[in-house]
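Observations on the model geometry
The lines below spell out each chain.
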Amino acid sequence: MDDTLDGPEGIIELEIPARPEFVGLARLVVSSLASTRRALEDDRIDDLKLAVSEACTNAIEAHVEVDVDERVVVRWRDDEDRLEVLVEDRGRGFDPDTLPEHPPVTDPERLNFERGLGIPLIRTLVDQVEFDPSESGTAVRMVMYCAPADLDFGDFGLLEDEEPA
Amino acid sequence: MDLGLDVEPDRNGYTVLAVRGEVDVYTAPRLREKIVELVSEGKYKIVVDLEGVDFLDSTGLGVLVGGLKRLRSHDGDLTLVCTQHRILKVFEITGLTKVFSIHDSVDAAVAA
């Protein structure tokens, strides 16, 4: 991605053990960051939280598959108009294009597919996603574009009754 | 992170399973076990009440799809109660609103 945020400023990194009980922590950290930095509206924070949960779940499953003891890395970067969450695993390298396509929901066969919903969810929930599989693992880069920084509640007419200072 | 699972064994002939908390890769296995347990007790009409759920991801969806499949194989059904926008959205994106009957309340679900 050409427009990747560069430089170490504003980078926050979380390493979690590749175990299911830590996915909730990754969600909590990302949604807290998004809300304290006032980067996104509440429903978009929910979207990002869900996308990060899906990416971390896949990462943990990738580690279990190859039985590696390494941690999953969740990296956050932001600037005024976008934020980026990178989830990196040390699994086998996962290519989302190889996912089997699900039958249409109206087909009774659809009930045989309990998995494979995470990637379509990520693709829908974030503004931009990139999967970068390699022999040493997979990096999932999710980008959300933020509302203009100068937007405040006054723009929605919520402060109409307030006296000018 | 806690998952609450409360069972009301007989409400108008349905078993109501009220789920509370976060359903993800860590907690979803407990939801699956509970559904399997109810089915093994011969409860084939199950209403899963999601009103107390704060978070649900694809692992939770998978468990519900698996439960529905299991119940249909017994000529039963698994229906849902959900009015929360952020949870409904997950069903909408994945097209599963077409697979599950989703009701506004437990009363509506057991009257269906």
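Placed above this text is the structure.
So, a few notes on the structure that sits alongside this text. Going along each chain's sequence as written, the residues are numbered from 1 onward. Lettering for chains starts from A, numbering for ligands starts from 1, and both go in the order in which the items are written. Local features in this predicted model are restricted to residues of pLDDT 70 or higher, and side-chain atom pairs are both shown and tallied only at a pLDDT of 80 or more, whereas totals for entire chains, interfaces and linings draw on every residue.

Some words on unusual backbone geometry
Leaving glycine out, the prevailing phi sign among residues is negative, and the prevailing peptide bond configuration is trans. All names here are of chain B. Even without being glycine, Asn-12 reaches a positive phi, approximately 55°. Going along the chain from the N terminus, every DSSP run of H or I of four or more residues is numbered as a helix, and every run of E of two or more is numbered as a strand. One can find Asn-12 in the loop between β1 (3–11) and β2 (14–23). For Asn-12, a count of 13 C-beta atoms within 10 Å gives the class partly exposed. Phi at Asp-75 is positive, roughly 60°, even though this residue is not glycine. Classification of Asp-75 as exposed rests on a count of 8 C-beta atoms within 10 Å. Here a residue counts as buried when 20 or more other C-beta atoms fall within 10 Å of its C-beta, as exposed when 12 or fewer do, and as partly exposed in between; the C-beta atoms come from the backbone.

Some details on the sheet that holds strand β4 (residues 128–134) of chain A
All names here are of chain A. Two strands pair if DSSP finds at least two bridges between them. Here we have 5 strands laid out as an open sheet, ordered β1-β2-β3-β5-β4, and antiparallel in their pairing. Sheet topology places β1 (12–16) and β4 at the edges, where each strand pairs with a single neighbour. Each neighbouring strand pair of the sheet contributes to a mean axis angle of 15°, computed without reference to strand direction. Where β4 meets strand β5 (residues 137–145), 7 bridges bridge the pair, whose relative direction is antiparallel. Among the inter-strand pairings, Asp-132 is bridged to a residue of β5, identified as Ala-139. Helix axes are fitted only over the stretch in contact, all axes being lines through C-alpha atoms; the angle between N-to-C directions runs from 0 to 180 degrees.

Observations concerning the sheet that holds strand β5 (residues 102–103) of chain B
Residue and element names in this part refer to chain B. Ordered by their spatial adjacency, 5 strands build an open sheet running β1-β2-β3-β4-β5, and the pairing between neighbours is mixed. Each edge of the sheet is formed by a strand with only one pairing partner; in this case those strands are β1 and β5. Looking at chain direction, β2 and strand β3 (residues 45–56) are connected through 8 bridges and run parallel. Across the sheet, the residue bridging to Glu-22 is Phe-55, located in β3.

Overview of helix α3 (residues 118–125) of chain A
The set of residues buried in α3(A) consists of A:Gly118, A:Leu121, A:Ile122 and A:Leu125. For α3(A), the buried positions fall inside an angular range of 100° around the axis, keeping them on one side. By the convention adopted here, residues make contact when the C-beta atoms placed from their backbones lie within 7 Å. Turning to α3(A), the residues buried within the fold contact α2 (42–66), β4 and β5 of chain A together with α2 (58–72) and α3 (85–93) of chain B. This arc describes the spread of directions from the helix axis toward the C-beta atoms.

Here we look at the pairing of β3(B)
Residues and elements named next belong to chain B. Judged by how many residues are buried, β3 sits mostly within the fold: 9 of 12 residues are covered. Here the term right-handed applies to a crossover when the path leading from its first strand over the helix to its second strand runs clockwise, the strands being oriented away from the viewer. A crossover links β2 with its parallel partner β3, the connecting element being helix α1 (residues 28–40), and its sense is right-handed. In this sheet, strand β4 (residues 77–81) lies alongside β3 in parallel orientation, the contact comprising 5 bridges. Across the sheet, the residue bridging to Asp-49 is Val-81, located in β4. Taken together, β3, α2 and β4 constitute a β-α-β crossover, and its handedness is right-handed.

Regarding the interface of chain A and chain B
Between chain A and chain B, the contact holds 22 residues from the first and 22 residues from the second. Contributing elements (two or more residues each) for the side of chain A that touches chain B: α1 (23–36), α2 and α3 of chain A. In terms of residue count, the dominant contributor to the side of chain A that touches chain B is α2(A) (7 residues). Of the residues assigned to the side of chain A that touches chain B, the class counts are 9 nonpolar, 6 polar and 7 charged. Three categories are distinguished: nonpolar for Ala, Val, Leu, Ile, Met, Phe, Trp, Tyr, Cys and Pro, charged for Asp, Glu, Lys and Arg, and polar for the others, with Gly belonging to the last.

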